[in-house]
Each structure stands twice: as C-alpha cells, then as structure tokens.
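# Structure assessment
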Amino acid sequence: MSATQPVQPKVTEREARQVAEAAREQDWRKPSFAKELFLGRFRLDLIHPHPLPAGEDVRRGEAFLARLREFCETQIDGQRIEREARIPDETVRGLKELGALGMKISPEYGGLGLTQVYYNKALALVGSVSPAIGALLSAHQSIGVPQPLKMFGTKEQKDAYLPRCATTAISAFLLTEPDVGSDPARLATTAVPDPEDPDTYLLDGVKLWTTNGVVADLLVVMARVPKSEGHRGGITAFVVEADSPGITVEHRNAFMGLRGLENGVTRFHRVRVPASQRIGPEGAGLKIALTTLNTGRLSLPAMCVGAGKWCLKIAREWSGVREQWGRPVARHEAVGAKISFIAATTFALEAVVDLASQMADEDRNDIRIEAALAKLYGSEMACLMADELVQIRGGRGFETAESLAARGERAVPAEQLLRDLRINRIFEGSTEIMHLLIA
C-alpha cells in the first residue's frame, strides 16, 4: 500500500448501516405522491392539475434549447468523440460560450437560471448527440460544485465559485474510492485539521471513477475528519481547487461505453484546504451528497428520454425502408411490437421526468422517491429500448457506425448506444441500491 494511501477503516455491517441511516433524510416535511402510493393512498391532488412552468421560464428555456439544438447539429461530432475517445477542446469552448456550464446557475452569478424541467430537456437533447457530453454537463451541474453550493454553501462560497462554474470552470464530484462504492462507512480519504493552522485541513487519499476529474478546475471532495477536541468529525464535503499542490491525476480510465468521458483516478497528498472551503458542518458530507442527488439524479433519466427518442427515430426510419417478404418490416407484427414498446416507454418516461422535474421546481413536494423511481425506470428501460433497436436493425445494429460508413451505408451507432447506456444501471445509485432506497 502506498504511503500516501490512508489505512482502510474496518467497519462491521452494523456500523456501515448506522452511517447510511445517519445520512438518510428521515423526516417528511413535505408531502410525497410516491410515498403515499406505497402507503396505499392515491393522492391525486398532489399532481393534478398537472403542474406547469411559468411563462418566463418557458420563454427562457425554449430560447436556450433552440441555440443548443443548432450547436448540437453543427458543432458536435459524436462519431469523432467515439473514435478519439475524447471531447474536442473546441467543442468544450463552444459549450462554455453557449452558457451550457451554467444552465442551472442563477443569473445573479452569471448563469442561465433554467428550471429543472428545461435543464433536463437540454440534457436529453445534447445526450442524444453525444452521451459523453451529456455526462460532462450533468456531472458538473447535478452533483459537482454548483448544486451543493446552491443548497448548502455560504454566501462567500457562492460568490467565489458559482460565477466560475457558470462560465469557465468545470467541476467534479469525488466520493468513490478503490475499495469504497455504495458503502461510505469505509471511506479512507481523510481531512485532518492541521495542528499548526487550525483553519486548514490536510487532505490525503485516493478517489476512483472521478467523472470530469481529469479535466476539472474545481472538485467536491468527500473526506473523513477524525473526531478530536473541537472537531465533531465524520464524512465532510469540501470544495477543492483542482490545481492545488499535492493533487495528482494518476490515470484516465477507459470504459466499454461513454468513450469521451473524462474519468480518472485522483490522489491527494497533504493537500491544504482552508476551512472556509468546507461545505456545511463537519460530518454533514454524506447527507449533503444524498440531498444533492435527490434532484441531481433526475438528469440521468432525462438523458434516457433523449436516447429513447433517438431509438424511435432510427427504428421508424429503418423499418419503413427495409423490406422483407414483400413489405416494410414495420408492417410485420414482431417488429411493429418493438417499435410500439420503444414509443410507449419513451412517452411514459418523459412524462415521469417532466412531472418530477416540475415538482422539484415548485419545491412544494418531497421528490426523493419520485427521483429514485425515475432513475430506476429510466436506466432499466433505456437499455431495453436500445437492445430492441439493435434487434430491429439486425446485423447492422451489431455493426459499428464507422464500419457502416466505410462500406457506404448510413453511420448509425446503435451498438454504441447499447454500450453507452449500460452504465446508467450502475452509477448515481445502482439498480440494486435504488431498490433499497425506494423501499
């Protein structure tokens, strides 16, 4: 074991459960439609009449979607990103100039101030062109620096970091470690108060699967503060400058899908972090992370909506021109049923995401369960829709877009979509963890 890697805490099952339970928000201060369903009560009044966004929110959101659509159609080459396994610098610059880094950040700090509804529509749009770009924007705004600071940051922290996040600074969220996934009780990264400077912590540890971590300017880091005199200790959240002395990006990870994802291994060795960069009190880090995910988790099913719409478009186009036994394959019941499944599922998922997003914007309902249900439903169904598209396309569905183009056919990345979507059943809460959370 490296000298800079803190010793892995030994915890029992009971201790692990206690850490998770302590972080879980157990009170219900606002009503929850999904919670009431589980209790056998159909509270239609909580969702009917269907909530709608304000007129100004619609105007601002639609205007941005129009600009984003043009950018996607003219400035994003999804196949180049897949081929080179990275997002080109000029594409990232264009996203910054478009204001895409600040979609959810208030205009007060230089952002666009989009609602959750339109933020998710934007992610669905860009994710249908390049899931890697969708992941970059989502990790930056849904779980990166902007959201936890919006909810838990001080005025000084917001003033210092949100204008940067809205315009130029890409952020990342660092929780997972080589031996720690959904069990945060075993977190090994430490933030030890400096005995020579009580207003500074010394950060040591290794973080794994740091989405955006390879290119990030700002990091949200979860670390364990030891309990001591004057320090309650516990898992704590910090904003850390990515270029701080002692931070090393040791490896850029490569995956079966999302090949443009800037995801890596980040090591911290005696990194000095001022106490002013701590988000919330000591010991509140995990609760901050989970609370942030309550709405941040909606970004994933939103991108699954975009994937479903793309699947439907390709399936309909192909099934209308491909003939078998004297008629288009869409006219055969077996294929028609698959297209119907994709259409109905996409419609249902978009309805779930839009409703949960509008409820999040209104902030009058507790949407913990709704967001988890949307994530679970979206990630599972998107994989099935992509699989059905591959089946409809037949051998061409299994063939890469680059190979199709090389022999003169339209480059349709159906097999890439299948690979890209597979991660959705794992990250931001695996399917199995969603089952536990919802229960």
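Residues numbered from 1 in each chain as written. Predicted model: local features only at pLDDT ≥ 70, side-chain atom pairs only at ≥ 80, totals over all residues. Heavy atoms only, no water.

## Section: the overall build of the protein
Our working definition: Runs of H or I in DSSP of at least four residues are treated as helices and runs of E of at least two as strands, each being numbered from the N terminus. Note on method: radius of gyration uses C-alpha positions; expected globular size equals 2.2 Å times residues raised to 0.38. Classification of residues uses two cut-offs on accessible area relative to the type maximum, computed with a 1.4 Å probe and protein chains only: under 20% is buried, over 50% is exposed, and between them is partly exposed. Only heavy atoms enter the contact rule, under which two residues are in contact if any of them lie within 4.5 Å. Per-residue accessibility takes into account occlusion by the displayed protein chains alone, with areas from the Shrake-Rupley method and a 1.4 Å probe. Under this rule, positive means Lys or Arg and negative means Asp or Glu; His and the chain ends count for nothing. By convention, charge coordinates are those of NZ in Lys, CZ in Arg, CG in Asp, or CD in Glu.
If you tally the helices and strands in the protein, you get 17 helices and ten strands. The C-alpha atoms of the protein give a radius of gyration of 22 Å, which matches the 22 Å a tight globule of 439 residues would have. Expressed as lengths along the three principal axes of its C-alpha atoms, the size of the protein is roughly 80 × 55 × 45 Å. Split into buried and exposed, the 439 residues of the protein put 54% on the buried side. Long-range pairs, those at least 24 residues apart, make up 75% of the contacts in the protein between residues at least 6 apart in sequence. When the accessible surface of the protein is summed, it comes to about 20300 Å², and 55% of that surface belongs to carbon and sulfur atoms. Taking the average place of the 54 positive charges on the side chains of the protein and the average place of its 56 negative ones, the gap between the two points comes to 3 Å.

## A short note on the packing of aromatic side chains
Going by this rule: Aromatic pairing here means that ring centres of Phe, Tyr or Trp (its six-membered ring) are within 6.5 Å. Orientation follows from the plane angle: under 30 degrees is stacked, over 60 is edge-to-face, and everything else is tilted. Charge-over-ring contacts are defined here by two conditions on Lys NZ or Arg CZ: a distance within 6 Å of the ring centre and an angle within 35 degrees of the ring normal.
Enumeration according to the criterion identifies two aromatic pairs in this entry. With a centroid separation of 6.0 Å and 65° between ring planes, the pair formed by phenylalanine 33 and phenylalanine 42 is classed as edge-to-face. Residue phenylalanine 42 is classed as exposed on the basis of its relative accessible area of 57%. Directly above the ring of tryptophan 28 sits arginine 368, whose terminal nitrogen or CZ lies 4.0 Å from the centroid.

## Side note on the environment of aspartate 57
With respect to the helices and strands, aspartate 57 occurs in helix α3 (residues 55-75). Exposure remark for aspartate 57: the relative accessible area of 22% places this residue in the partly exposed category. For the pair aspartate 57 and valine 117, spaced 60 residues apart in the sequence, the C-alpha separation amounts to 9.3 Å. If we ignore the near neighbours within four places in the chain, the residues touching aspartate 57 are Thr115 and Tyr118.

## Details of the side chain of threonine 295
Within the secondary structure layout, threonine 295 lies in helix α10 (residues 285-296). Here threonine 295 is in contact with Lys104, Gln116, Gln147, Ala360 and Ile367, once residues within four sequence places are set aside.

## A closer look at the pairing of strand β7 (residues 263-274)
The following threshold applies: Two strands are said to pair when DSSP picks up at least two bridges between them.
Here strand β3 (residues 197-211) runs beside β7; their pairing, made up of nine bridges, is antiparallel. The residue bridging tyrosine 201 from the neighbouring strand is valine 273, located in β7. Bridge count between strand β6 (residues 247-252) and β7: five bridges; the pairing is antiparallel. If you follow isoleucine 247 over to β7, its bridge partner there is phenylalanine 268.

## Structural notes on a nonpolar patch on the surface
For clarity, the cut-off: Without a salt bridge and with relative accessible area above 30%, a residue can belong to a patch; like charges are then joined within 9 Å and nonpolar side chains (Val, Leu, Ile, Met, Phe, Trp, Tyr) within 5 Å. Whenever Lys or Arg places a side-chain nitrogen within 4 Å of a carboxyl oxygen from Asp or Glu, that contact is recorded as a salt bridge.
Together, Leu37, Phe42 and Leu44 line one region of the surface with nonpolar side chains, adding up to about 300 Å² of accessible area. With respect to the helices and strands, the residue leucine 44 is situated in the loop between α2 (33-38) and α3.

All we've got here are geometric facts, nothing functional implied.
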